[in-house]
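Tertiary structure, described
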Amino acid sequence: MAADLACLITKNNTNPFFVKMKEGAEAAAKSAGLDFQAYAGITDGDAAPQITAIENCVAAGAKGILITPSNDSVGPALKDARAAGILVIALDTPLADAEAQDITFATDNFEAGLLIGKWAKAKLGDAAKDAKIGMLDINKDNISVDVARDTGFLVGFGIEVPDLKVLGSETDPRVIGHETSNANPEGGVTAVENLLAKNPDMNVVYTINEPAAEGAFQALKKAGKEKGVLIVSVDGGCPGVASVKSGVIGATSQQYPLLMASKGIEAIVAFAKDGTKPTVTEGLSFYNTGVNLVTDQPADGVPSIDTTKGTELCWG
């Protein structure tokens, strides 16, 4: 008798976050005796390859699909998968349509943003009231993970956000602007160059993830402005924690993709066995896999761990 099949579909196969997620899912599937297939988009926001992958998994008779959705256009294909009796678990990024997934396993991305926002505000002290902040988002698509981290950061910094469901609803003059980074180093470079052109006095850079932060630092260094600019980020991968240790990033919120992937496989195993479906964390709309602020410059009132502990917990 053939083994049950689990599929993993990530946004791309180059970001270390998704690479580690694939490793975790593959290892957990192997140990559980599941067949495993992995697919990926080319870039963040690129839904077409993901839709094809969903269709392939349905055709192959998968028991479960784990997906980090590129955007909400994958929703209809996932609803078809659920209608075919497949367990659909969104990892890291929930879909807007609740019917497109059975559950989400994720970091509390708003909390991740909130922590780096509170830290940046505390670090600046009295100067926070005159901050010049550049925002490096994924893109303009209002992807849920993008919006939650972005708005969480702003709220943590003490900036009023009228609409927590869209990017850029704030009117606070401290925010220079929002730029697309595509969550990668090249995009981070271009985004910071554009923001510096708007305001060369920018002194805080929020970044959606650590690859974008890497590009942001490169652009600041090229402009001779790497000193005196706070960069904050989210991910907590080993390269990102190293960047915190070296001072490139001031603080990052660490998430746990290995846990998301392994818990996702566990859920598929239970579902294949007797139809049991996973349940959300109490008080939340998803299963929370946890977050920690990593910094070597702790701030009063903001819980954090240092880079030694962050390195122990980081995921590669």
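Let me sum up the structure you'll find in this document.

Moving on to the overall build of the protein chain. Helix and strand content of the protein chain: ten helices and twelve strands. A compact globule built from 316 residues would reach a C-alpha radius of gyration of about 20 Å, and the protein chain, at 19 Å, matches this within 12%. Reported as C-alpha extents along the three principal axes, the dimensions of the protein chain are approximately 65 × 35 × 35 Å. In the protein chain, buried positions account for 54% of the 316 residues. Per element, the accessible surface of the protein chain, about 13000 Å² overall, is 51% carbon and sulfur. Within the protein chain, the 40 negative side-chain charges are centred at a point lying 4 Å from the centre of the 26 positive side-chain charges.

So, about the state of the cysteines. Scanning the entire structure with this criterion turns up two disulfides. There is a disulfide in this structure between Cys7 and Cys57, and the S-S distance comes to 2.3 Å. Where Cys7 bonds to Cys57 through sulfur, the torsion about that S-S bond is close to -115°, and the disulfide is left-handed. With a gap of 50 residues between them, Cys7 in strand 1 (residues 5-10) and Cys57 in helix 2 (residues 48-59) connect regions that are remote in the sequence.

It is worth spelling out the layout of surface pockets at this point. Picture a little ball the size of a water molecule; that probe, rolled over the atoms, points out where space is still empty. Approximately 820 Å³ is the volume attributed to the largest pocket. Sorting elements by how many residues they give to the lining of the largest pocket places helix 5 (residues 144-157) first, with five residues. Estimates place the volume of the second largest pocket at around 200 Å³. Forming the boundary of the second largest pocket are 14 residues, of which Glu226, Gly228, Val229, Leu230 and Gly247 lie nearest the centre. Looking at the lining of the second largest pocket, its residues break down into seven nonpolar, five polar and two charged.

With that settled, consider the environment of Asn184. Tracing the sequence through the fold places Asn184 in the loop between strand 7 (175-180) and helix 6 (185-198). Separated by 76 residues in the primary sequence, Asn184 and Asp108 have C-alpha atoms spaced 22 Å apart. What Asn184 contacts, discounting residues up to four positions off in sequence, is Pro211 and Ala212. Reaching out from Asn184, the side chain makes a polar contact with the backbone nitrogen of Gly187 at a distance of 2.7 Å.

Moving on, we come to empty space enclosed by the protein. Following the criterion strictly, the structure yields one cavity of 30 Å³ or more and no others. Its boundaries defined by the atoms lining it, the largest cavity holds a volume of some 110 Å³. Lining the largest cavity are 14 residues, and of these Asn15, Phe18, Asp92, Arg149 and Asn209 sit closest to its centre. Of all the elements in the fold, those that place two or more residues in the lining of the largest cavity are helix 1 (16-32) and helix 5.

Going through the model one piece at a time under the given rule, you end up with five aromatic pairs. Judged by centre distance (5.0 Å) and plane angle (45°), the ring pair of Phe105 and Tyr287 falls under tilted. One end of the pair, Phe105, is in strand 5 (residues 103-106); the other, Tyr287, is in strand 11 (residues 287-288), and 182 residues separate them in sequence. In this structure Phe105 comes out as buried when scored by relative accessible area, which is 3%. According to the relative accessible area criterion, Tyr287 is partly exposed, its value standing at 24%.

Inspection of the entire model under this criterion finds twelve salt bridges. In this structure, Asp97 engages Lys79 in a salt bridge whose closest nitrogen and oxygen atoms are separated by 2.9 Å. Linking Asp97 in the loop between strand 4 (87-91) and strand 5 with Lys79 in helix 3 (residues 75-83), this pair joins segments that are 18 residues apart in sequence. For Asp97, a relative accessible area of 32% corresponds to the partly exposed category. We classify Lys79 as partly exposed; its relative accessible area is 35%.

We now examine the pairing of strand 3 (residues 64-67). Here strand 3 shows no split at all, with Gly64 and Leu66 on one side and Ile65 and Ile67 on the other all buried. Bridge analysis of strand 3 against strand 4 gives four bridges, and the strand direction is parallel. Its bridge partner lying in strand 4, Leu66 is registered against Ile89. In the classification by handedness, the crossover that spans strand 3, the intervening helix 3 and the parallel strand 4 is right-handed.

About the cut-offs
- For every chain, the first residue of its written sequence is number 1, and the numbers climb from 1 along that sequence.
- Local features in this predicted model are restricted to residues whose pLDDT is 70 or higher, and side-chain atom pairs enter the listing and the counts only when it is 80 or higher, whereas totals over whole chains, interfaces and linings include all residues.
- Only hydrogens and water are removed before side-chain values are computed, so all heavy atoms of the structure are retained for them.
- Counting from the N terminus, the helices are DSSP H or I runs at least four residues long and the strands are E runs at least two residues long.
- As a reference, a globule follows 2.2 Å times the number of residues to the power 0.38, and the radius of gyration itself is taken over C-alpha atoms.
- Between buried and exposed lies partly exposed: a residue is buried under 20% and exposed over 50% of the maximum accessible area for its type, with that area taken using a 1.4 Å probe on protein chains only.
- Using a 1.4 Å probe, accessible areas were evaluated by the Shrake-Rupley method; residue-level cover was limited to the displayed protein chains.
- Positive residues here are Lys and Arg, negative ones are Asp and Glu, while His and the chain termini are left out of the count.
- The atoms used to mark charge sites are NZ of Lys, CZ of Arg, CG of Asp and CD of Glu.
- A pair of sulfur atoms, both from cysteines and within 2.5 Å, is called a disulfide here.
- Cavities and pockets are found on a 1 Å grid laid over the protein atoms alone: a cavity is a set of points where a 1.4 Å probe fits but cannot escape, a pocket is an open set with protein on both sides within 12 Å along at least five of seven lines, and a lining residue has an atom within 4 Å of such a point.
- Grid points are joined across faces, edges and corners, and a volume is the space filled by probe spheres set on the points.
- Residue type decides the class: Asp, Glu, Lys and Arg count as charged, Ala, Val, Leu, Ile, Met, Phe, Trp, Tyr, Cys and Pro as nonpolar, and the leftover types, Gly among them, as polar.
- Contacts were defined at the residue level, with two residues in contact if any of their heavy atoms lie within 4.5 Å.
- Within 3.5 Å is the distance limit for a polar contact, defined as a pair of N or O atoms, with the added protein rule that one can donate a hydrogen and the other accept it, and that residues adjacent in sequence qualify only through two side-chain atoms.
- Geometry of aromatic contacts follows a simple scheme: Phe, Tyr and Trp rings, the Trp one being its six-membered ring, pair when their centres are within 6.5 Å, and the pair is stacked under 30 degrees between planes, edge-to-face over 60, tilted otherwise.
- Within this document, salt bridges are pairs made up of a side-chain nitrogen of Lys or Arg and a carboxyl oxygen of Asp or Glu, the two lying within 4 Å of each other.
- Two strands are said to pair when DSSP picks up at least two bridges between them.
- A clockwise course of the path from the first strand over the helix to the second, judged with the strands pointing away from the viewer, identifies a crossover as right-handed.

The quantities given are spatial measurements derived from coordinates; they are silent on function.
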